[in-house]
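What follows is the residue order along each chain.
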Amino acid sequence: IGNKKTKEIINEYLNIKEGNLIVSDALYKVPNSLKGIFSSKLYNIKKIKLIINNELDNLSFANLKMSDYRKLCEFIGVSLDNAIEAAANVRNGFIYITFLKNINYYEIQIHNNFKGNLDFEKLGKKKYSTKNRESGYGLLSIKKSKAIETKYKIKNDEFIVFIILKKIQE
């Protein structure tokens, strides 16, 4: 949205990544319908390698209930905040995001490396946190949705969040 000059200013702004290790134009690979949330969370990351792979042409939420779209954005926000904080505490920290399209659903995967111990059984439980402060409400705060399913996986020193969105009839 905006005229040619507005688009040029935005493109110029997004391409200035002083001190970041963002792969060139990585944020441009995010589907338009989610670009705002990803850009606001990922633009200022430092010392973290960011790679985004998008296998979607675009992702439309026109038929998704507003409450489900809000929940999706909230979950993405919490997941990105957690990934950024964890990867920032690791030498050679990385965040790898991929958007996949399957027959019956869309999938967003957020991978990040981390250090320390993580009790998988307590993940998402009240007041459980790997951080040294009064927290532990991020994943718990996300309300369940019939349209969105979330899963977690730990593989070696990599934490993976799967956000599965039932296919929206176009």
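Residues numbered from 1 in each chain as written. Predicted model: local features only at pLDDT ≥ 70, side-chain atom pairs only at ≥ 80, totals over all residues. Heavy atoms only, no water.

Focus on the pattern of salt bridges
Phase 1 of the analysis: Tallied over the full model, the rule gives 3 salt bridges.
Phase 2 of the analysis: As a salt-bridge pair, K41 and D81 come within 3.1 Å of each other at their nearest N and O atoms. Note that K41 is positioned in helix 2 (residues 35-42) and D81 in helix 3 (residues 66-88), a separation of 40 residues in sequence.
Phase 3 of the analysis: D81 sits in the partly exposed class, given a relative accessible area of 36%.
Phase 4 of the analysis: Between K151 and E149 there is a salt bridge whose closest N-O contact spans 3.6 Å. (Salt bridge = Lys/Arg side-chain N within 4 Å of Asp/Glu carboxyl O. Helix = DSSP H or I, 4+ residues; strand = E, 2+ residues; numbered from the N terminus. Buried < 20%, exposed > 50% of the residue type's maximum accessible area, 1.4 Å probe, protein only.)

What to know about the confidence of the model for the protein
Phase 1 of the analysis: Of the residues in the protein, 68% reach a pLDDT of 70 or more, and the chain-wide mean stands at 76.
Phase 2 of the analysis: Counting interchain partners and residues more than four positions distant, the pLDDT-below-50 stretch residues 16-24 has 18 contacts. (pLDDT = per-residue confidence, 0-100. Contact = heavy atoms within 4.5 Å.)

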